[in-house]
There are 2 protein chains.
Amino acid sequence: MARKASLSGFPEWLPNERLVELHILDTLRRTFELHGFGNIETRAVETVGQLLRKGEIDKEVYGLSRLQGEDAERPGADPHGLALHFDLTVPFARYVVENAGHLAFPFRRYQIQKVWRGERPQDGRFREFTQADIDVVGDGELPFRYDVELALVIAEALAALPIGDFKVRVNNRKLAEGFYLGLGLQDTAGVLRSIDKLDKIGPAKVAALLRDELGATEDQAAAALALAAIRTEDTSFVERVRSLGVSHPLLEQGLDELAQVVAAAAERAPGRVVADLSIARGLDYYTGTVYETVLVGHEQLGSICSGGRYESLATKGNRTFPGVGLSIGVSRLVSRLLAEGTAVATRDVPTAVLVTLADDRSWSAAQDVAGLLRGRGIAVEVAAKAEKFGKQIKYADRRGIPFVWFTAPDGSHEVKDIRSGEQVSADPASWAPPAEDLVPRVVAGS
Amino acid sequence: MARKASLSGFPEWLPNERLVELHILDTLRRTFELHGFGNIETRAVETVGQLLRKGEIDKEVYGLSRLQGEDAERPGADPHGLALHFDLTVPFARYVVENAGHLAFPFRRYQIQKVWRGERPQDGRFREFTQADIDVVGDGELPFRYDVELALVIAEALAALPIGDFKVRVNNRKLAEGFYLGLGLQDTAGVLRSIDKLDKIGPAKVAALLRDELGATEDQAAAALALAAIRTEDTSFVERVRSLGVSHPLLEQGLDELAQVVAAAAERAPGRVVADLSIARGLDYYTGTVYETVLVGHEQLGSICSGGRYESLATKGNRTFPGVGLSIGVSRLVSRLLAEGTAVATRDVPTAVLVTLADDRSWSAAQDVAGLLRGRGIAVEVAAKAEKFGKQIKYADRRGIPFVWFTAPDGSHEVKDIRSGEQVSADPASWAPPAEDLVPRVVAGS
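Before going into details, it helps to say that this report is about the structure given with it. (Residues numbered from 1 in each chain as written. Chains lettered and ligands numbered in written order. Predicted model: local features only at pLDDT ≥ 70, side-chain atom pairs only at ≥ 80, totals over all residues. Heavy atoms only, no water.)

Turning our eyes to something else, we now look at the environment of B:L277. All names here are of chain B. Tracing the sequence through the fold places L277 in the loop between β9 (273-276) and β10 (289-295). Judged by relative accessible area, which is 3%, L277 ranks as buried. Sequence separation between L277 and R94 is 183 residues, and the spatial gap between their C-alpha atoms is 32 Å. Those residues in contact with L277, other than ones at most four positions away along the chain, are N171, L175, L227, A228, I230, F237, V241 and L258. (Helix = DSSP H or I, 4+ residues; strand = E, 2+ residues; numbered from the N terminus. Buried < 20%, exposed > 50% of the residue type's maximum accessible area, 1.4 Å probe, protein only. Contact = heavy atoms within 4.5 Å.)

Below, the structure is given as structure tokens:
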């Protein structure tokens with residue numbers, strides 16, 4: 001971000017920065033649609049009751065109240081009050097339940113929207129930011145194969161972005177929980193929560209937590225940490241887990257599932273996906289595969305894309321809707337790209353050509369030229385006033401428009417590349433700029 | 001809208017309805033960019049002080065407060081509190097002032113975002129809805145020609161949408177105000193406000209208002225009403241105004257400006273733009289051209305696209321930023337198209353082809369086929385389980401996927417159009433669906 005946001009935590013981009021963001025969003029959309037994901041949007045607001053159903057996040061929620069309406073009392077007190085959504089998963093769960101009769105399951109959707117969290121802003125954390133989510137949701141059941149597919153889709157989507165190298169780190173809750181149960185640790189959620197702190201507090205303190213808070217023996221703590229230390233780019237993690245000498249049916253199921261994800265990814269997206277048995281994901285609702293993603297060299301930015309398998313996204317009577325999904329933190333990604341100049345737009349404006357005016361009466365003829373060019377997909381502006389040509393060229397230069405068009409009194413046309421100064425005669429019915437100048441492109445920064 | 005929104009005033013679309021909305025948004029984006037408008041987004045929130053600067057709309061604003069944060073007191077009391085924007089003009093004005101040093105003027109932008117108003121929901125009026133705005137803003141001055149250009153851009157943008165016939169009704173504040181001043185009516189804003197009620201209360205009651213509240217004589221009231229009755233598709237309105245026998249320098253300027261808009265539109269967008277001297281637009285900040293747009297046959301829906309010229313969008317020290325712009329009510333338009341079935345998507349999902357599985361081991365080979373097809377821009381899903389072919393075909397049918405792909409044990413491929421039942425052999429490296437089946441299209445409803 002070149003400038004400081006005028007409201008802390010609420011970033012806004014300049015037009016050329018927005019082009020980078022749009023490029024990211026367009027690329028994600030294209031990849032998701034090529035894989036059969038359809039788009040939906042949900043409203044920005046949910047009832048407070050809906051948002052706080054899972055508890056524990058109430059501090060982050062922005063409640064709404066009409067400034068002078070009848071419902072002016074604070075909505076915090078009222079579960080029927082309205083508040084801004086803090087992710088796209090809770091609204092999606094509600095949407096699926098409400099519209100189940102109109103959706104074909106397994107339902108595949110992507111959703112790209114703003115979300116809001118009243119957290120203290122810091123690097124990479126905003127109060128308003130854009131998420132891009134994909135999920136597949138089944139009615140009653142959902143084959144495990146979708147866990148494999150989503151790892152491939154997300155690896156393909158991220159590889160198409162100008163973000164450099166990344167690693168999708170995958171783990172499986174069944175694997176971890178089965179391992180802890182096999183070890184004799186019954187509070188598997190407690191162990192996961194402790195393991196989740198590895199990055200922050202280190203293995204010694206995690207071992208202390210496991211001993212002091214969960215009653216683990218020295219050996220149990222050591223085994224849990226040994227599991228979390230396993231990280232492989234292929235299915236060799238299976239043997240490494242087995243060598244720890246723990247067995248449990250749930251562990252076997254988890255090993256098999258994770259091996260399927262990693263094997264497929266090693267073949268179809270080599271180097272992009274790693275088994276990382278330290279990945280815990282804080283939220284409780286994941287029940288199998290869990291994903292996190294880091295930018296190589298920017299690991300301290302945190303995960304830019306996370307998700308997992310949940311056995312029950314939502315329920316409706318005795319129907320349950322299991323799913324698997326991932327969420328990309330678009331704003332976090334874009335703010336980093338912009339801050340580092342990793343990706344830049346080749347120009348600031350869509351306009352490829354400025355049609356100049358020789359005199360004020362020629363505006364209509366200039367519009368004819370513009371219309372012919374636009375009809376072939378070339379973005380054109382027409383000068384608003386017949387200033388001296390030097391001034392009109394300067395306007396194009398200031399806006400970053402690469403070509404300037406001149407029509408002589410005899411009706412002949414010339415077009416000038418104002419970067420090289422080269423000027424050639426041109427026919428508005430057939431001339432086109434070089435392909436690389438047709439629209440602003442997003443390229444690697446220098 | 002097929003279904004009732006689960007929260008009144010907050011519409012949500014089914015996936016096939018969203019395709020109609022996306023088509024509208026993509027088409028607008030394309031037209032705006034072809035005319036050199038770049039995209040920006042502003043944050044959803046502004047300070048309460050910023051939003052209420054112009055007064056009079058506070059009842060409609062949603063204030064924000066963190067449900068359990070330190071700032072839990074109601075923001076309504078505090079101009080530094082946060083609230084959701086109710087249009088895109090106020091945030092744009094702030095953005096221009098904040099970023100003036102980084103923008104090239106005249107600055108052309110389009111902006112497509114949600115806005116929120118706590119009004120009572122009714123047909124075509126929502127509490128959350130999408131607006132699509134275009135504006136050109138100058139630094140200090142902005143040539144009048146942009147008023148003409150914007151009428152043409154918006155006529156072209158709307159003509160590209162599947163919305164049937166429409167009329168952009170144009171008037172000019174200088175024309176109306178000059179006329180009233182020439183008549184001897186000094187409170188021109190008061191006259192405009194009364195004229196604005198013509199549609200609702202009729203000419204007799206407007207005349208009464210003019211007499212009783214503004215002290216107009218019978219003749220003055222009759223002349224003001226005669227002006228408002230003028231509506232022409234060409235510049236003949238000039239003669240009709242002159243025949244009313246009123247003269248004033250401001251009237252002359254307004255006549256000249258409006259004639260320029262109407263003459264250019266009659267030539268370049270015939271039948272789309274009319275001079276309508278009853279158009280007043282409620283908001284006070286317009287200073288010249290004003291625009292409104294109705295769908296022919298759906299006039300009672302109200303204006304789907306409105307705007308005008310303002311001499312001072314914003315000020316920064318002694319700099320002023322004049323502009324001209326229009327705002328399209330996308331949600332209002334889409335909800336009407338959906339309710340009437342005017343526009344429909346040819347299918348519900350992006351997917352053109354389902355690659356079936358002969359057995360569970362063939363999933364990877366099926367992904368190879370899918371990858372080849374996606375590489376040529378064809379959206380593909382791969383079946384998740386090797387169910388009986390009948391069940392896999394049924395899945396495609398239920399999702400609305402037109403083509404199903406089969407790979408035989410000998411490695412040969414066939415593709416079946418499940419609508420016609422026709423099945424042909426196909427090469428994954430070269431086969432493509434007919435152009436009309438490549439992506440879901442939006443077509444006129446039956």
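This is not the end of the story, as more comes after the structure.
Next up on the list: the interface of chain B and chain A. Taken together, the contact between chain B and chain A spans 90 residues of the former and 90 residues of the latter. Taken over both partners, the interface formed by chain B and chain A buries close to 8,200 Å², and the fraction arising from carbon and sulfur atoms is 52%. Where chain B touches chain A, the interface holds 16 salt bridges. Between A:E381 and B:R108 there is a salt bridge; the shortest N-O distance is 3.8 Å. Applying the counting criterion to the chain B and chain A interface returns 48 residue pairs in polar contact (both at pLDDT 80 or more). (Buried area = accessible area lost by both parts, 1.4 Å probe. Salt bridge = Lys/Arg side-chain N within 4 Å of Asp/Glu carboxyl O. Polar contact = N/O pair within 3.5 Å; in protein donor to acceptor, adjacent residues only side chain to side chain.)

Right, let's talk about the pairing of strand β7 (residues 166-172) of chain B for a bit. Residue and element names in this part refer to chain B. Among the 7 residues in β7, 7 count as buried, and that is most of the element. Where β7 lies against β10, 7 bridges are found, and the strand directions are antiparallel. Each bridged residue has a counterpart across the sheet, and for N171 the counterpart in β10 is V290. One ladder, built from 3 bridges, connects β7 with β9; its direction is parallel. Paired with R169 across the strands is V274, a residue of β9. (Pairing = 2+ DSSP bridges.)

The next subject is the relation of the copies chain B and chain A. Structural alignment of chain B on chain A gives an RMSD of 0.0 Å, achieved by rotating through 180 degrees and translating 0.0 Å along the axis. When the rotation and shift are considered jointly, the pair of chain copies conforms to a two-fold rotation axis. When each C-alpha of chain B is compared by its distance to the rotation axis, B:L64 comes out closest, at 2.4 Å. When the interface residues of chain B are mapped onto chain A, 100% of them again fall at the interface, so both copies present the same face. (Least-squares fit on C-alpha atoms with pLDDT ≥ 70 in both.)

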